[in-house]
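The lines below spell out each chain.
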Amino acid sequence: MLLCIDCGNTNTVFALWDGARIRGTWRTSTDWRRTADQYYVWLSTLMAAQGVEGRIEEVIISSTVPRVVFNLRVLADRYYGTRPMVVGKPEVQLPVPPRVDPGTQVGPDRLVNSAGAHDRHGGDLIVVDFGTATTFDVVAQDGAYVGGVIAPGVNLSLEALHQAAAALPHVDVTKPQQVVGTNTLACMQSGIFWGYIGLVRGICDRIKGEYGQPMRIIGTGGLAPLFAQGDVLFDTIEDDLTIHGLTVIHQANKETA
Ligand SMILES: Nc1ncnc2c1ncn2[C@@H]1O[C@H](COP(=O)(O)OP(=O)(O)O)[C@@H](O)[C@H]1O
Ligand SMILES: CC(C)(COP(=O)(O)O)[C@@H](O)C(=O)NCCC(=O)O
Ligand SMILES: [K+]
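Only a predicted model underlies this, so the values are computations on that prediction, with no experimental measurement involved.

Cut-offs used in this document
- Residues numbered from 1 in each chain as written.
- Chains lettered and ligands numbered in written order.
- Predicted model: local features only at pLDDT ≥ 70, side-chain atom pairs only at ≥ 80, totals over all residues.
- Heavy atoms only, no water.
- Phe/Tyr/Trp six-rings, centres within 6.5 Å; stacked < 30°, edge-to-face > 60°.
- Lys NZ or Arg CZ within 6 Å of the ring centre and 35° of its normal.
- Helix = DSSP H or I, 4+ residues; strand = E, 2+ residues; numbered from the N terminus.
- Buried < 20%, exposed > 50% of the residue type's maximum accessible area, 1.4 Å probe, protein only.
- UniProt positions renumbered as here; feature names shortened; annotations may be inferred.
- Contact = heavy atoms within 4.5 Å.
- Near = heavy atom within 4 Å.
- Areas by Shrake-Rupley, 256 points an atom, 1.4 Å probe, with all protein chains shown as cover.
- Nonpolar A, V, L, I, M, F, W, Y, C, P; charged D, E, K, R; others polar.
- Domains from an automatic or database assignment.
- Salt bridge = Lys/Arg side-chain N within 4 Å of Asp/Glu carboxyl O.
- Polar contact = N/O pair within 3.5 Å; in protein donor to acceptor, adjacent residues only side chain to side chain.

Summed over the entire model, instances satisfying the criterion amount to nine aromatic pairs. Ring geometry for F193 and W194: centres 4.9 Å apart, planes at 90 degrees, overall edge-to-face. One Lys or Arg, R67, reaches over the ring of W32 and ends 3.6 Å from the middle of that ring.

Here it is in structure tokens:
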């Protein structure tokens, strides 16, 4: 089985792919200090608890945090006896190379999302991923990542508001009852919820205008369904897009190897 590891700035997702379906998905907070031994104990305990059997033979990693890759490599080597594919490293080929400014290091999560979305939907896409940052990835007809937009993430924005303003509490993102809030909490929730809907809608409309062709919009990340409650923002929502992209890139590299 293939172990797919998607490491974001906030959370790291482990998923097991048996070649036909995802057998399990587990999430832990991203922490570069976590050791290979700690990952192994955690993962094997969860797999056993859920009755997921089968040997992990291959590992693919996408990480927006370079520091965590060291211990993930040790995990693959020591416990699964394999050299992992690390997206973004020169030896790992993308199905189609990105078309960006020379020297640009595109976040591996964005390249993986692009590969996953193109495999499922073909071309001319916008992938909106609600992570630590909210990213918009533009995927051309041939599957190439051709650029995008990086905006502050939802929780990051709420946290920044709380940190910078003495009277503003920590709040969780949710859909408010009304646009006009009648207490501090409701005002903040409205600002984030409707503000983000405006941001996503506005950016997607402008991307489409600049691109000049019809595009499909794919939403991903834990908060995509919440924002879809406020407006028609996405053609589809896929919470497993990054993991799917990892399986696609792994398969493409095995075929060329
Ligand atoms: N279903 C959800 N409901 C509320 N918050 C969520 C949900 N899923 C993720 N988040 C929050 O969104 C932020 C980004 O999460 P995540 O997608 O794991 O980011 P990253 O990929 O950058 O690590 C985190 O603060 C996380 O707690
Ligand atoms: C934009 C990001 C911080 C998003 O990361 P995430 O929210 O998934 O943790 C990451 O893709 C990144 O570090 N990108 C490098 C710059 C770029 O993609 O152009
Ligand atoms: K992400």
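Considering the arrangement of structural elements, one finds Q105 in the loop between strand 5 (85-86) and helix 3 (108-121). Accessibility expressed as a relative area gives 71% for Q105, which makes it exposed. Separated by 72 residues in sequence, Q105 and R33 have C-alpha atoms that sit 24 Å apart.

Time to look at the UniProt feature "active site" (unreviewed entry) in the protein chain. On the UniProt side, "active site" (unreviewed entry) is annotated at positions that read D109 here. Locating D109 in the fold gives a position in helix 3. When sequence neighbours within four positions are dropped, the list of residues in contact with D109 reads S62 and T64.

Among the structural elements, G230 can be located in the loop between helix 6 (224-228) and strand 10 (236-237). In this structure G230 comes out as partly exposed when scored by relative accessible area, which is 23%. In this structure G230 touches F193, W194 and I197, once residues within four positions along its chain are discounted.

All right, on to the site of ligand 2 then. Taken together, 13 residues lie around ligand 2, and N9, G107, D109, R110 and A133 are the ones closest in. In isolation ligand 2 offers 470 Å² of accessible surface; the protein chains occlude 75% of this area. Those elements that place two or more of their residues in the shell around ligand 2 are helix 3 and strand 7 (133-139). Across the shell around ligand 2, the residue classes break down as three nonpolar, eight polar and two charged. Mapped onto the domain boundaries, the shell around ligand 2 takes at least three residues apiece from domain 1 (2-86) and domain 2 (112-240).

UniProt's feature table lists "binding site: K(+)" (unreviewed entry) at D129, given in the numbering used throughout. Its place among the elements puts D129 in strand 6 (residues 125-130). Judged by its relative accessible area of 11%, D129 is buried. With residues up to four places along the chain from it excluded, the contact list for D129 reads N113, T134, T135, T220, G221 and T242.

Next up on the list: the domain arrangement of the protein chain. Often, the extent of an interface is quoted as the loss of accessible area on bringing the components together. Splitting the protein chain by domain gives domain 1 (2-86) and domain 2 (112-240). On a C-alpha basis, the centroid separation for the pair domain 1 and domain 2 is 27 Å.

Within this structure, the stated rule accounts for 11 salt bridges. For K254, the salt bridge is made with E58, and the minimal N-O distance between the two is 3.4 Å. Highlighted residues: K254 in helix 7 (residues 241-256) and E58 in strand 4 (residues 58-63), separated in sequence by 196 residues. Look at K254 and you get partly exposed, because its relative accessible area is 42%. Relative accessible area serves as the criterion here: at 25%, E58 is assigned to the partly exposed category. Notably, a salt bridge pairs E91 with R83, separated by 4.0 Å at the nearest N-O pair.

With that out of the way, let us pick up the site of ligand 1. With respect to spatial proximity, the complete set of residues near ligand 1 consists of G8, N9, T10, N11, R27, F130, G131, T132, N155, G222 and L223. A distance of 2.7 Å separates an oxygen atom of ligand 1 from a polar backbone atom of N11. F130 places a main-chain nitrogen or oxygen 3.5 Å from an oxygen atom of ligand 1. Here the residues of the shell around ligand 1 sort into two nonpolar, eight polar and one charged. For the shell around ligand 1, the domains that each give at least three residues are domain 1 (2-86) and domain 2 (112-240).

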